[in-house]
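Summary of the model geometry
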Amino acid sequence: AQKLGLAGTEAHALNNLGTNEYLVGDPGRALELFERAYTIWRDLGSTRQSMIPLRNIALCYRILGRDREAEAALLRSLEVSRDREFPREEALVFTELAHLKFEMGLYHEAARLHREVLMLGDVAPLRTRAENLKGLGRALAEAVAVDQRRLRLQSHMVQRGHGEGY
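Summarised in this report is the structure supplied together with it. (Residues numbered from 1 in each chain as written. Predicted model: local features only at pLDDT ≥ 70, side-chain atom pairs only at ≥ 80, totals over all residues. Heavy atoms only, no water.)

**A look at the nonpolar core**
Formally: Among buried residues, those of type Ala, Val, Leu, Ile, Met, Phe, Trp, Tyr and Cys that are joined through side-chain atoms within 4.5 Å constitute a nonpolar core. We call a residue buried when its accessible area falls under 20% of the maximum for its residue type, exposed when it is over 50%, and partly exposed in between, using a 1.4 Å probe and counting protein chains only. Numbering of helices and strands runs from the N terminus, with a helix taken as a DSSP run of H or I at least four residues long and a strand as a DSSP run of E at least two residues long. Working rule for contacts: check all heavy atoms of both residues, and any pair within 4.5 Å makes them a contact.
In terms of nonpolar packing, the biggest core is built from 22 residues, with I57, L74 and L97 touching the most fellow members. Those elements giving two or more residues to this core turn out to be α2 (27-44), α3 (47-63), α4 (67-83), α5 (87-103) and α6 (107-119). Ranked by residues supplied to this core, first place goes to α5 with six residues. The contact partners of L74, leaving out residues within four places of it in the chain, are R55, A58, V93, E96, L97 and L100.

Listed below in structure tokens is the structure:
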């Protein structure tokens, strides 16, 4: 594709190769391929096509434990999806952000993002809505558990005479 000057075909191929590398357990190599695919789509001005490798880039960052970079990639993708009015893509990005926030222990934020997807209604694919409904339940359960532990700790500290400010 590269020799023939078929940049779009090359970007598709790079994204597919990245997917293969990811599936065989090499997210670092997959990241390189997704970044190349993203750059081609961006340079071609194909916003919609660039969002797929951009979400894949974020996924690799998550797997590599680079949460802040994953978040930045997802926020870039969210900005593009909103600017270009791609609500389906917006739903997918919110879903990925919610999963990331959950993994980071930010359960209230994860719950808020899951709600955002559910509020999009039929724009989000049915599978995505189901995934977010399940994710919302998990995030709320964890948020409540954390809040309860925090309250118990505060109560214990007050009882021991440390006051509310610890």
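**Some remarks on the side chain of K101**
By the element assignment, K101 lies in helix α5. Accessibility expressed as a relative area gives 9% for K101, which makes it buried. Once you skip the residues sitting within four places of it in the chain, K101 turns out to touch E71, L106, E109, A110 and L113.

**Observations regarding the packing of α2 against α3**
Just so we agree on the cut-off: For helices, the fitted line uses only the C-alpha atoms of the stretch in contact; every axis is such a line through C-alpha atoms, and the angle between N-to-C directions lies from 0 to 180 degrees. The scheme is simple: roughly parallel for angles under 35 degrees, roughly antiparallel for over 145, roughly perpendicular for 65 to 115, oblique for anything else. Take the far helix as your reference; a near helix turned counterclockwise from it by less than a right angle gives a left-handed crossing, and one turned clockwise gives a right-handed crossing. When residues are sorted by character, Ala, Val, Leu, Ile, Met, Phe, Trp, Tyr, Cys and Pro go into the nonpolar class, Asp, Glu, Lys and Arg into the charged class, and all the rest, Gly among them, into the polar class.
Contact pair α2 / α3: the axes reach a minimum separation of 8 Å and the direction vectors enclose 155°. By the angle class used here, α2 and α3 are roughly antiparallel. The chirality of how α2 crosses α3 is left-handed. Counted together, P27, A30, L31, F34, E35, A37, Y38, W41 and R42 of α2 and Q49, S50, P53, L54, N56, I57, C60, Y61 and I63 of α3 form the full contact between these two elements. Of the residues assigned to the contact of α2 with α3, the class counts are 13 nonpolar, three polar and two charged.

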